[in-house]
Amino acid sequence: MNLGTAQATSAVGIFDVSVISDLIKKYRLSLDECSTSLILQEVIFVDFLDFSNAYIALASSEFQKHNKTVKGDEISFYLLHFSLSEPFKDMLFLHRDVLLQLYIAYHKKVENLVDKEAIKEHFAESKKVLLQALDNFAQKTLLEQKEAERLNNTKGGLASKLKHRQNPWNIYEEQFSILQEQLISINVSGKSFEYELEVFKAIRNHTDEVCKSILKEAEQMILSLEDGIKTIEGLTQISQIDQTVDWLENVVSKIELDHPLQENFTSYLESMTATLGKVNLPIATSEGMLLTKKMDLGKAAQKWIDYTPLPYFIDLWENRGQAISYYKLRWLNLENALMLDKANNSLETLSVQLDGFRNVGTSLKQYLEKQEKVVAEIRKVMETEFLGTNIYRSDEFLEVSLQSSMYQLTSQRKGLIDRFGGSLKNILNRLGSKYEHNIVANPSQRLEQTMQCIDYRMFKEENAHYDTIFLNKNFVGDLFLVDRPEEEKKISQYVGIWQSGIHKSILVLGNPLSGKSTFLEKMAKEHFGKQVLFLKPDNDTVSEGRKFRTTKDLREALKQVKKSIYNSRPAVIIDDLEVWRSKEHPFLENVQALLDFVDLESDHVFMMVSVSEMMKKHLDHRLPFSNTFSNHINIGQADFNTIYKAILLRNGASHRILVDENENVLTDKQIEQNIRRLCRTLDFNLGEVLQAWTYGTTMIADNKVIYKDRHVEFADFFTSKELLVLKYVALYTYVTEIILKDFLGKRFDQTYKASLRRLTNTKVLLRDEIGELRINMVLAHDIRELLKYHGMLK
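In this report, the structure presented in the accompanying data block is examined. All of these numbers come straight from a predicted model, not from anything done at the bench.

This brings us to the overall build of the protein chain. If you tally the helices and strands in the protein chain, you get 30 helices and 14 strands. Looking at the protein chain as a whole, 50% of its 794 residues qualify as buried. Counted over contacts in the protein chain with a minimum sequence separation of 6, partners at least 24 positions apart contribute 78%. For the protein chain, the exposed area adds up to about 38900 Å²; of that, 51% sits on carbon and sulfur atoms.

Structure representation (structure tokens):
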């Protein structure tokens, strides 16, 4: 029952204490008529809010009368502002808390964690509590009215009792408004959270469907084998062999090596978690405060799936692959044996085949038992941990502990940990943040671990031929360029718009090794041919036959460009904007010169500028940097298919066969799994994945390459001074002792010189041919994530 805004407003005119009683009666009638939990939610959200709005309107009206020195009713003034406001606030608190608990109960019912009877009991108790509170408030109103009348009849009346007390209504009104907003927030988020719960349910159902299909397939394999045994036992004449072989061929044709649900399993889960949104969900109350959890459900769910059930599914698929191959091979062996028996006009091998099939039956039953155990673990974690309502618990939502997970995998699934332990440990180490502090006994051990990591990743002379293919972007020319169709399409559109006379300037973003330079060169060549100026500091540039040499002064370089483009409309490429700096020409001065040029000349010149995502964020805090460019293209992350194609292309050019440590040829699925693992670890950075692929490769004889990623971890051994140096280099790409000395002054010799020396001695920083120190590229990703972990980069 809706109290109605009109009733609430009409009650404001001339106050009568009976108005409050009427509001209570009307709201109580609404509560009495409630028959279900959902109806009670609606009554609280609609009718109680109307009730509270009416009370607030009454109290505000009385407050306005007294502020305007209009003589009002002292009794109403006393009741609404002093004696009833606190009990009414308790009513608001109670309704807020009950509404939250009703939604929590309902959400648990959606996930089948409580039955209908429990919901009915919860509803009855909630309704009972609200009715009791309402009755108490009604009784309190009558008692306070009598007390107000008594005080008003004493000497001096109520006015003398209140003249030395400050009216608290403004404070109460603000508190009431906050509590009403919380009621609305609980209702809105409670309803929207139902959709998220349906997604969780769909994922649970899909994983269970996969488990059921695998178990059903195993049971069917056992039944088919039993039919095969009966067929062999019934084979007594040579003339029956042809009919039996036809039956065998039919059986073999139905055996699928690839499970129909396996190929799209991970992509389905990723597509479902992508539909989960960011929530700011009220979860509990404590000491009057409403507690909320704010998180990205999609990211949390995807991480949890990757780290918890997915390893079990990997085990499930692997067990199946081994069993199905063995199963099919036995059928083919039987078929070949029968054909041989037919040629020899004899059935002498049948007894051997029969014994062999009985052994296969035993193996299949063991396989089924093994799969049932894995499925039981999957169902356990999905039914107890992968629940949207777990967000209401006090512990971290979808938490994965490295120690507990590794213990669980080791104790319950030793075979899996032997095969996947290294990769799982690497994944789990990255949970929560992309860089998790490595904990080892002391600093010297951390340093030793880091040195082992660097040594493992560095270029190996014996692998030179293979590694060079992956580390040299220009190897065999344009054949190794991997298309980026979406980004390239955008550039084509932008060039077309620019050619029609409209300003266009492109900012290309991406972390080191993501392929910014290659992308810029390819786009410039495709769309502008020779009409391209690549601006680099301290370099000779030719435009329309006019040659000029650049310095670190970008403003001067751009002036020279402007002078030389009267008869053409070229593209001007500035790759790695960070390198344009010197003591005489500071970086920000050069950046401002670029922004001025972009503003004025983008209709004559097609500007393309590349910068790291870190530097873009850094500059946006100081200048209107990124907003000056008409369009942005971020190539920091490549899609999986692009990276997969790039690795296969390079491996194919090596004319080498990929094998495991036992020199067994890696299957396409194994190669895909290894590449996918690297992609996730390195945030799908194309160049970093290509580089990381070489870490695990070893060339051997017979044109073979062993791939085995040892996952040697990088440990944080840096001091605060060293972290500051690394932050500078990560942002500006290089540093020298002179630059640091100019930047730090006396502090360089006192504290930072030793830090810089240790970074170079440990090969964290490498000196190039012109003496500039740069971050060792095999550590670039780790250092970037480490700086984010310490809050030094965003």
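Next up on the list: the side chain of S189. Residue position: S189 is located in helix α8 (residues 169–233). Judged by relative accessible area, S189 falls into the buried class, the value being 11%. For S189, the side chain forms a polar contact with the main-chain oxygen of I186, separated by 3.4 Å. If we ignore the near neighbours within four places in the chain, the residues touching S189 are N280, L281 and P282.

It is worth spelling out unusual backbone geometry at this point. A positive phi angle, close to 60 degrees, is found at N112, a residue other than glycine. Residue position: N112 is located in the loop between α5 (85–110) and α6 (116–152). Judged by relative accessible area, N112 falls into the exposed class, the value being 62%. The residue K763 is not glycine, and still its phi comes out positive at about 65 degrees. Secondary-structure assignment places K763 in the loop between α29 (746–761) and β13 (765–767). Given the relative accessible area of 42%, K763 is considered partly exposed.

With that out of the way, let us pick up the environment of E488. Along the chain, E488 turns up in helix α18 (residues 485–499). Residues E488 and F519, 31 residues apart in the sequence, show an inter-C-alpha distance of 8.7 Å. Once you skip the residues sitting within four places of it in the chain, E488 turns out to touch D483, F519, K522 and M523. A distance of 2.9 Å separates a polar atom in the side chain of E488 from a polar atom in the side chain of K522.

Attention now goes to the pairing of strand β5 (residues 540–543). Side chains on a regular strand alternate between the two faces of the sheet. Here β5 shows a clear split, with T541 and S543 buried on one side and none of D540 and V542 buried on the other. Where β5 meets strand β6 (residues 546–549), four bridges bridge the pair, whose relative direction is antiparallel. Within β6, the position partnered with S543 by the bridge is R546. Joining the antiparallel neighbours β5 and β6 is a turn of two residues, in which E544 adopts a positive phi near 50 degrees.

Moving on, we get to the packing of aromatic side chains. By the definition in use, this model includes 24 aromatic pairs. Residues Y27 and F51 carry aromatic rings whose centres are separated by 5.6 Å and whose planes lie at 20 degrees to one another, so their mutual orientation is stacked. With Y27 in helix α2 (residues 18–32) and F51 in helix α3 (residues 37–67), the pair connects residues that are 24 residues apart, well separated along the chain. Here Y27 and F51 have matching classes, each one buried. A cation over an aromatic ring shows up here: R581 above the ring of Y734, its NZ or CZ 4.2 Å from the ring centre. Sitting over the face of the ring of F640, R676 holds its NZ or CZ atom 4.0 Å from the ring centroid.

This part takes up the nonpolar core. I44, F51, Y55, W331 and F386 are the most contacted members of the largest nonpolar core, which has 114 residues in total. Not counting residues within four places of it along the chain, the set of residues in contact with I44 comprises Y27, L49, H95, V98, L99, L102, L130 and L183. If you look at the next biggest cluster of nonpolar residues, it comprises 89 residues, including F470, I565, F640 and L686.

The interhelical angle for the contact between helix α25 (residues 668–681) and helix α26 (residues 686–695), taken along N-to-C directions, is 125 degrees, at an axis separation of 9 Å. When the axis of α25 is compared with that of α26, the two are oblique. Classified by chirality, the crossing of α26 by α25 is right-handed. Where α25 approaches α26, its residues I671, N674, I675, L678 and C679 are matched on the opposing element by V689, A692 and W693. Grouping the constituent residues of the contact of α25 with α26 by class yields seven nonpolar, one polar and no charged.

With mixed pairing, the three strands of this open sheet are ordered in space as β10-β12-β11. Of all strands in the sheet, those with a lone pairing partner are β10 (657–659) and β11 (697–700), marking the two edges. Direction aside, the axes of adjacent strands within the sheet are offset by 30 degrees on average. Here β10 pairs with strand β12 (residues 704–707) via three bridges, running parallel. Paired with V659 across the strands is I706, a residue of β12.

Right, let's get into the environment of G529. Looking at where G529 falls in the secondary structure, it is placed in the loop between α19 (516–528) and β4 (532–534). In this structure G529 comes out as partly exposed when scored by relative accessible area, which is 43%. Sequence separation of G529 and A571 is 42 residues, and the distance between their C-alpha atoms is 9.5 Å.

Pairs may arise between side chains of opposite charge once their charged atoms sit close together. Within the structure shown, the criterion is met by 31 salt bridges. In this structure, R28 engages D32 in a salt bridge whose closest nitrogen and oxygen atoms are separated by 2.9 Å. Here R28 and its partner D32 are both found in helix α2, four residues apart, which amounts to about one turn of the helix. Taking the relative accessible area as the measure of exposure, D32 reaches 38% and is therefore partly exposed. For D540, the salt bridge goes to K547, with nearest N and O atoms at 3.9 Å. Where salt bridges share partners, they join R28, D32 and D135 into one cluster.

A sheet is described by the order of its strands in space; here five strands give the open sequence β4-β7-β8-β3-β9, paired in parallel fashion. Either end of the sheet is taken by a strand with one partner, and the two such strands are β4 and β9 (631–634). Averaged over all adjacent pairs, the angle separating strand axes in this sheet is 20 degrees, with direction ignored. Where β4 and strand β7 (residues 571–574) come together, three bridges link them in parallel fashion.

Turning to α25, a few remarks are in order. An ideal rise of 1.5 Å per residue puts 20 Å on 14 residues; α25 measures up with 20 Å between its terminal C-alpha atoms. Three or more residues of α25 are buried, namely I671, N674, I675, R676, R677, L678, C679 and T681. The first or second residue beyond α25 is D683, which carries a positive phi of 55 degrees.

On to the pairing of β9. Residues of β9 alternate between two faces, with N631 and I633 buried on one and H632 and N634 left unburied on the opposite face. Across four bridges, the pairing between strand β3 (residues 505–509) and β9 is parallel. Within β9, the residue paired with L507 across the bridge is H632.

What follows covers α29. Across its 16 residues, α29 extends 23 Å between first and last C-alpha, which sits within 8% of the 22 Å expected from 1.5 Å per residue. The largest bend in α29 comes to about 60 degrees, at Y752. Check the buried side of α29 and you find it contacts α27 (720–732), α28 (737–744), β13 and β14 (773–775). Looking at the residues trailing α29, positive phi occurs at K763, about 65 degrees.

The rules behind each value
- Residues numbered from 1 in each chain as written.
- Predicted model: local features only at pLDDT ≥ 70, side-chain atom pairs only at ≥ 80, totals over all residues.
- Heavy atoms only, no water.
- Helix = DSSP H or I, 4+ residues; strand = E, 2+ residues; numbered from the N terminus.
- Buried < 20%, exposed > 50% of the residue type's maximum accessible area, 1.4 Å probe, protein only.
- Contact = heavy atoms within 4.5 Å.
- Areas by Shrake-Rupley, 256 points an atom, 1.4 Å probe, with all protein chains shown as cover.
- Polar contact = N/O pair within 3.5 Å; in protein donor to acceptor, adjacent residues only side chain to side chain.
- Pairing = 2+ DSSP bridges.
- Phe/Tyr/Trp six-rings, centres within 6.5 Å; stacked < 30°, edge-to-face > 60°.
- Lys NZ or Arg CZ within 6 Å of the ring centre and 35° of its normal.
- Core = buried A, V, L, I, M, F, W, Y, C linked by side-chain atoms within 4.5 Å.
- Axes fitted to C-alpha atoms, helices over the stretch in contact; angles between N-to-C directions.
- Parallel < 35°, antiparallel > 145°, perpendicular 65-115°, else oblique.
- Left-handed = near helix turned anticlockwise from the far one by under 90°.
- Nonpolar A, V, L, I, M, F, W, Y, C, P; charged D, E, K, R; others polar.
- Salt bridge = Lys/Arg side-chain N within 4 Å of Asp/Glu carboxyl O.
- Expected span 1.5 Å × (residues − 1).
- Bend = angle between axes of the 7 residues up to and from the residue.

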